[in-house]
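Each chain, written out:
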Amino acid sequence: MVSLNYSKEAPGLKNAGIGLGWDINATDTGGAFDLDASVFMLGAAGKIPSEKYFVFYNNKESPDNSVKHLGDSRTGEGSGDDERVTVDLTKVDPAVQEIVFVVTIHEAESRRQNFCQLRNAFIRIYDTTTDIEVTRYDLDEDFGKETAVEFGRLYKKDGEWRFQAVGQGYNSGLQSFVDKYA
C-alpha cells in the first residue's frame, strides 16, 4: 500500500528521516535477508558530484554533514525502523539539486531473494520534527518480485525542497544505481 500524506512541496520540511523495516517470513528463504537504504545526492547534471555524496552502509555521512546513515541492520530484527537515514535540508550543499532514496536487497541475485519473501517490509519518509509520514511503501505488497526500489526524491525548485514519490521497482542491485548516478 502506498500512502502520501504531504503535497509534493512537502511544506515546511526541513529535517527528513528515512525509515526502512522488514521481517523475514517463517519459510526458509535460503539465507539471511539484508535490506539496505542508500542515498544519492545529485547535482544539476543528475550525477553525484563525488563518491562522498553517495551515502550508504560504507559511507555513513555526506561531506556537508546533511545526510547521515545511522547504521546497517543485517537481519531486520525488532519492530519499527531497522535502518534509518536523516537529512537536514538546511545543510545540503547548494550544488546538490536532488536527493534520491533507494532500497536494495543485498546479494539478492546470488541468494535468490525478492521482496515477496518478506513480511512487514516498508520504506518511509517522515518529518523528523513532527514525526508525520510524508509517504510510505509496503515493499512486500507493492514490489513483490523486485529486488530494488527507487523510493522517492527530494528536489529543489524555486529555492524550495519538494518531494516526489517515485516507487519504481527493479530486478537489480545497488551497483545498478551507482552506475546510473556516478
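Let me sum up the structure you'll find in this document. Just so you know, these numbers come straight off a predicted model, no measurement behind them.

Topic: the pattern of salt bridges
For the structure shown, the criterion picks out nine salt bridges. The partner of R124 in a salt bridge is D81, and the shortest N-O contact between them spans 2.9 Å. Of this pair, R124 sits in strand 8 (residues 118–127) while D81 sits in the loop between strand 5 (67–69) and strand 6 (83–88), and the two are 43 residues apart along the sequence. Here R124 falls in the buried class, since its relative accessible area comes to 13%. Take D81: its relative accessible area is 23%, and that puts it in the partly exposed class. In this structure, R124 engages E133 in a salt bridge whose closest nitrogen and oxygen atoms are separated by 3.5 Å. Salt bridges sharing partners connect three or more residues here, namely D81, R124, E133, R136 and D138.

Some words on the side chain of R124
Reaching out from R124, the side chain makes a polar contact with the side chain of D81 at a distance of 2.9 Å. Only 3.5 Å separates the side chain of R124 from the side chain of E133, close enough to count as a polar contact. Ignoring any residue separated from it by four or fewer positions in sequence, one finds R124 in contact with G17, I18, G19, D81, E133, T135, R136 and F151.

What counts and what doesn't
Residues numbered from 1 in each chain as written. Predicted model: local features only at pLDDT ≥ 70, side-chain atom pairs only at ≥ 80, totals over all residues. Heavy atoms only, no water. Salt bridge = Lys/Arg side-chain N within 4 Å of Asp/Glu carboxyl O. Helix = DSSP H or I, 4+ residues; strand = E, 2+ residues; numbered from the N terminus. Buried < 20%, exposed > 50% of the residue type's maximum accessible area, 1.4 Å probe, protein only. Polar contact = N/O pair within 3.5 Å; in protein donor to acceptor, adjacent residues only side chain to side chain. Contact = heavy atoms within 4.5 Å.

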